[in-house]
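The primary structure of each chain is shown beneath.
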Amino acid sequence: FAERTRWSLHELHCQSKLVLVLVDNLLHVCRRKLSKSFFPVLEPAIGVGSAFEGWSPQEDNTVYRLLVPLKPPHAHTFHLEIGTMAQMLGSKSRIRVEGGCTCMREQMVGDMQCFLHHAEAKLRTNKKPRFVHHLCTSSYLDVKKTACWFQNFVKSVWALVPQSCRYDMKVLPSSHSCKLQFTDYSGRTLTTEIMFGVQLGLSDIFLSSQATEAFDTPSTSWTLSYAVAEAKFFWLMARQAPHDSFHLKCLQLCTRILVGTGFSTYTLKTVAMHLLTTTPVAGWRRRDFHLRLDDIMWYLRCCLEKKCLSHFFFGNEKLPKEIILPPALQTAQPLNLLRHLEQDPAAHEQAMNEFKEL
């Protein structure tokens, strides 16, 4: 166990906080530069993924992921076209961008012209780039254009960030996000991935720029993301858990054992989240480590035998009330994350054999 978890969770927590400060300062400079532009408003970053949840499936090459919510710029609105639940799950949701009237602001402030009611000839004299022209495809917010724009923009403003004198920043290739590598004077590197998202109402669910496995997904399609809700869940568990809680160590150990098998990290994470809502938090102390480890493996075995693992945010009556879901998810039927095993007997047999090895 000690060999599997050499890297302390305290160090992971400290580095996560450092990354958040770096990105927050970068976004602060970006917002200052974009304050009078017609580009999206960059909201404060939200730490998501295993590193910010307090565990990590690997010690080396940890990627610190953050989601930056986007708000429409002045005189624009976002209209989310999410369609049916099947379309949402199939990454077929789109974000339509529409312009609005700013005649009243023009009369009172005079800092911009109304896009709707000014002649096109006058608009051409406005040297500020149009949001719709740069980041949209057929009036729909484009994932790849948004990512490319932000990557180029952070390169141009990094020198204005206070930490730029202590860290070198490199933008890594990415078509759907902004991957940044920060290197300090000692040569230590921190890799971050900034994704973009538009919030579904007031819920903890977003349409995000996260890439999907499908190759034919158009760049105007945005992915349904539960990353913020998951991070919120682990934050809630940390508040309720005893000081010597071992739930993060259990998850960390299990996911590291899975490396090289056909089981995904997300499968074990889902199992752990279900058990955290059905087992009292007082039962996750260090002394209960073996019992909880047995619970995790028993739960996984039952799911494999039944070929069914319910998605944590679909039809879950034990979901903490603090997590806010959009109406479509509140009434949705349970979603089976192992449905591929129902359709492929060979894959099911392989999964059972790999579980026996575990």
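A quick note: this is a predicted structure, and the numbers were derived from the prediction, not measured.

**Some remarks on the overall build of the protein chain**
Within the protein chain, the regular secondary structure consists of 14 helices and 12 strands. Per-residue burial over the protein chain gives 49% buried out of 358 residues. Sequence-distant contacts, at least 24 apart, represent 64% of the contacts inside the protein chain between residues at least 6 apart.

**Observations concerning the nonpolar core**
Among the nonpolar cores identified, the biggest contains 92 residues, and Leu141, Phe150, Val154, Leu180, Phe196 and Leu304 are the most heavily contacted of them. Ranked by residues supplied to this core, first place goes to helix H1 (residues 9–34) with 9 residues. Mapping this core onto the domain boundaries places at least three of its residues in each of domain 1 (9–226) and domain 2 (241–357). Ignoring anything within four residues of it in the chain, the contact list for Phe150 reads Leu27, Cys30, Leu42, Cys178, Ile194 and Phe196.

**Observations regarding the packing of aromatic side chains**
According to the stated counting rule, one finds 12 aromatic pairs in the structure shown. Cluster of aromatic residues (ring-pair linked, three or more members): Tyr226, Phe233, Phe234, Phe312, Phe313 and Phe314. Taking NZ or CZ as reference, Arg94 lies 3.8 Å from the ring centre of Tyr140, over its face.

**Describing helix H9 (residues 247–257)**
Among the 11 residues that make up H9, 10 are buried, leaving the element largely enclosed by the rest of the structure. Inspection of H9 places His247, Leu248, Lys249, Cys250, Leu251, Gln252, Leu253, Cys254, Thr255 and Arg256 among the buried residues, and these make up the whole buried set. Of the surrounding elements, those touching the buried residues of H9 are H1, helix H2 (49–53), helix H8 (227–240), helix H10 (265–278) and helix H11 (289–306).

**Digging into the environment of Tyr299**
Here Tyr299 shows up in helix H11. Those residues in contact with Tyr299, other than ones at most four positions away along the chain, are Val271, His274, Leu275 and Leu309.

**Observations concerning the packing of H8 against H10**
Orientation of H8 relative to H10, taken along the N-to-C sense of each, is 40°, at an axis distance of 12 Å. Our classification of the angle between H8 and H10 gives oblique. In this structure, the crossing between H8 and H10 has a hand that is left-handed. On H10, the residues touching Glu230, Phe233, Phe234 and Met237 of H8 are Tyr266, Lys269, Met273, Leu276 and Thr277. Here the residues of the contact of H8 with H10 sort into 6 nonpolar, 1 polar and 2 charged.

**Quick notes on the side chain of Thr192**
Here Thr192 is to be found in strand S10 (residues 189–199). Assessed through its relative accessible area of 0%, Thr192 is described here as buried. Every residue in contact with Thr192, bar those within four places of it in the chain, is listed here: Val19, Val63, Tyr64, Leu66, Cys178, Lys179, Leu180 and Phe182.

**With respect to the pattern of salt bridges**
Pairs can form between side chains of opposite charge whenever their charged atoms are close. Here the structure, examined in full by the defined rule, presents 12 salt bridges. Between Lys269 and Glu53 there is a salt bridge; the shortest N-O distance is 2.8 Å. Here the residue Lys269 occupies a position in helix H10, and Glu53 occupies one in helix H2, the gap between them amounting to 216 residues. Glu53 shares its class with Lys269; the two are buried. Ionic pairing is found between Arg94 and Glu81, a salt bridge with its closest N-O pair at 3.4 Å. Placement of Arg94 in strand S5 (residues 94–99) and of Glu81 in strand S4 (residues 76–81) is noted, with a sequence separation of 13 residues between them. Under the relative-accessibility criterion, Glu81 is labelled partly exposed at 25%. Salt bridges sharing partners connect three or more residues here, namely Glu81, Arg94, Arg96 and Glu98.

**Here's the deal with the confidence of the model for the protein chain**
Detailed reading of the predicted model is not advised wherever pLDDT is low. Mean pLDDT over the protein chain works out to 87, with 86% of the residues at or above the 70 mark. By mean pLDDT, helix H5 (residues 120–124) is the weakest element of the protein chain at 46, and strand S2 (residues 46–48) is the strongest at 97. Within the model, pLDDT remains below 50 along residues 119–129, and this stretch shows 14 contacts once partners closer than five positions in the same chain are excluded.

**Things to note about the pairing of strand S9 (residues 178–184)**
Residues Cys178, Leu180, Phe182 and Asp184 of S9 are buried on one face, while the alternating residues Lys179, Gln181 and Thr183, pointing to the opposite face, are not. Where strand S8 (residues 167–172) hands over to S9, the hairpin turn is made up of 5 residues, counted between the paired strands. When S9 meets S10, the two strands line up antiparallel, connected through 6 bridges. Counted as the bridge partner of Phe182 is Leu190 from S10. Connecting S9 to the next strand, S10, in antiparallel fashion are 4 residues, including Gly187 with a positive phi near 95°.

**Some words on the pairing of strand S3 (residues 63–71)**
Here 2 bridges tie strand S1 (residues 41–42) to S3, and the two strands are oriented antiparallel to one another. From the neighbouring strand, Leu42 faces S3, where its bridge partner is Leu70. Taken together, the 7 bridges between S3 and S10 define a ladder with parallel strand orientation. Pairing of Pro69 across the sheet is with Gly197, part of S10.

What counts as what
For every chain, the first residue of the written sequence is number 1, and numbering continues from 1 onward in sequence order. The predicted origin of the model limits local features to residues at a pLDDT of at least 70 and limits the giving and counting of side-chain atom pairs to 80 or more, whereas totals for whole chains, interfaces and linings rest on all residues. Excluding hydrogens and water, the side-chain values take into account all heavy atoms of the structure. A run of DSSP states H or I qualifies as a helix once it reaches four residues; a run of E qualifies as a strand once it reaches two. Both are numbered from the N-terminal end. Accessible area is worked out with a 1.4 Å probe on protein chains only. A residue is then buried under 20% of its type maximum, exposed over 50%, and partly exposed in between. Only heavy atoms matter for contacts: two residues are in contact if any of them lie within 4.5 Å across the pair. Nonpolar core, defined: a set of buried Ala, Val, Leu, Ile, Met, Phe, Trp, Tyr and Cys residues in which side-chain atoms within 4.5 Å join the residues together. These domain boundaries are the output of an automatic or database domain assignment. Stacked, tilted and edge-to-face are the three classes applied to pairs of Phe, Tyr and Trp rings, where Trp contributes its six-membered ring and a pair requires centres within 6.5 Å; stacked means planes under 30 degrees apart, edge-to-face means over 60, and tilted covers the rest. Whether a charge sits over a ring depends on NZ of Lys or CZ of Arg being within 6 Å of the ring centre and within 35 degrees of the ring normal. For helices, the fitted line uses only the C-alpha atoms of the stretch in contact; every axis is such a line through C-alpha atoms, and the angle between N-to-C directions lies from 0 to 180 degrees. Comment on the angle field: the value is read as roughly parallel under 35 degrees, roughly antiparallel over 145, roughly perpendicular from 65 to 115, and oblique elsewhere. Note on convention: the crossing is left-handed when the near helix lies turned anticlockwise from the far helix by less than a right angle, right-handed when the turn is clockwise. In this classification, Asp, Glu, Lys and Arg are treated as charged, Ala, Val, Leu, Ile, Met, Phe, Trp, Tyr, Cys and Pro as nonpolar, and every other residue, Gly included, as polar. The salt bridge criterion pairs a side-chain nitrogen of Lys or Arg with a carboxyl oxygen of Asp or Glu, the two atoms within 4 Å. How sure the predictor is of each residue is captured by pLDDT, a score from 0 to 100. In this description, strands pair whenever DSSP reports at least two bridges between them.

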